[in-house]
Amino acid sequence: MISTKGRYALRVMIDLAQQNPDAFIPLDEIATRQGISKKYLEIILKSLVQNKLLKGLRGKGGGYQLTRHPADYTVGEILELTEGTLAVVACLQKGADTCQRKECCNTLPMWKHFDQMVHNFFYNITLESLANPPETDAGQGGAYRE
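Residues numbered from 1 in each chain as written. Predicted model: local features only at pLDDT ≥ 70, side-chain atom pairs only at ≥ 80, totals over all residues. Heavy atoms only, no water.

Draft legend 1. Geometry of the environment of Leu54. Here Leu54 lies in strand 1 (residues 54-57). For the pair formed by Leu54 and Gln65, sequence separation is 11 residues and the distance between their alpha carbons is 5.6 Å. (Helix = DSSP H or I, 4+ residues; strand = E, 2+ residues; numbered from the N terminus.)

Structure below.
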């Protein structure tokens, strides 16, 4: 399950992708637009800045901006940063101890396949595609299609 931290981080990144790329956007403006408390948003933004997904500038005219073009970010990258892992089972997490049942586990191939599907899904959606979804015939935007 994706936590509120992961979901809010995506919302913030999309919000910033929709702003002037040369401007630093104040925390207050982001918080108001996204309906996220400033205190919680500060925690999320700090993590995004520490991991160089965003730049922060203090003082008058300060705020936050993306460090790269929106097309150069993936949803997977943002979620793994905020969630820690997207692995569907504990044995597939990075750094996990080798399972004693690995050689005889009939479900491991299934979990590996599902894990790869999740990874591919999130890593094939860019921030740009979420910030600027294409219009469909029905008038509804969408970042991906099956």
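Draft legend 2. Up close: the nonpolar core. The biggest cluster of nonpolar side chains holds 31 residues, and the ones touching the most others in it are Met13, Leu16, Leu41, Leu66, Ile78 and Leu127. Sort the elements by how many residues they give to this core and helix 1 (residues 4-17) lands first, with eight residues. (Core = buried A, V, L, I, M, F, W, Y, C linked by side-chain atoms within 4.5 Å. Buried < 20%, exposed > 50% of the residue type's maximum accessible area, 1.4 Å probe, protein only.)

Draft legend 3. How the structure looks around the state of the cysteines. One pass over the full model with this rule turns up zero disulfides. You can see Cys99 has no disulfide; the closest cysteine sulfur is in Cys91, sitting 5.9 Å from it. With no disulfide of its own, Cys105 lies closest to Cys99 among cysteine sulfurs, the gap being 6.4 Å. In this structure Cys105 comes out as partly exposed when scored by relative accessible area, which is 23%. (Disulfide = S-S within 2.5 Å.)

Draft legend 4. Spatial organisation of the environment of Leu45. With respect to the secondary-structure elements, Leu45 resides in helix 3 (residues 38-50). Classification of Leu45 by relative accessible area gives buried; the value is 0%. Separated by 36 residues in the primary sequence, Leu45 and Ala9 have C-alpha atoms spaced 7.8 Å apart. Filtering out sequence-adjacent residues up to four positions away, Leu45 remains in contact with Val12, Leu27, Leu54 and Tyr64. (Contact = heavy atoms within 4.5 Å.)

Draft legend 5. Focus on the packing of aromatic side chains. In this structure the tally under the stated criterion is two aromatic pairs. Look at Tyr8 and Tyr40: their rings are 5.6 Å apart centre to centre, the planes differ by 70°, and that puts the pair in the edge-to-face class. Highlighted residues: Tyr8 in helix 1 and Tyr40 in helix 3, separated in sequence by 32 residues. Residue Tyr40 is classed as partly exposed on the basis of its relative accessible area of 26%. (Phe/Tyr/Trp six-rings, centres within 6.5 Å; stacked < 30°, edge-to-face > 60°.)

Draft legend 6. Examining the pattern of salt bridges more closely. Per the stated rule, a full pass over the model turns up five salt bridges. With its nearest N and O atoms 2.7 Å apart, the salt bridge here joins Glu77 to Arg68. A residue is classified by how much of its surface remains accessible, and Glu77, at 22% relative accessible area, is partly exposed. Among the residues examined, Arg68 registers a relative accessible area of 31% and is labelled partly exposed. With its nearest N and O atoms 4.0 Å apart, the salt bridge here joins Lys94 to Glu80. (Salt bridge = Lys/Arg side-chain N within 4 Å of Asp/Glu carboxyl O.)

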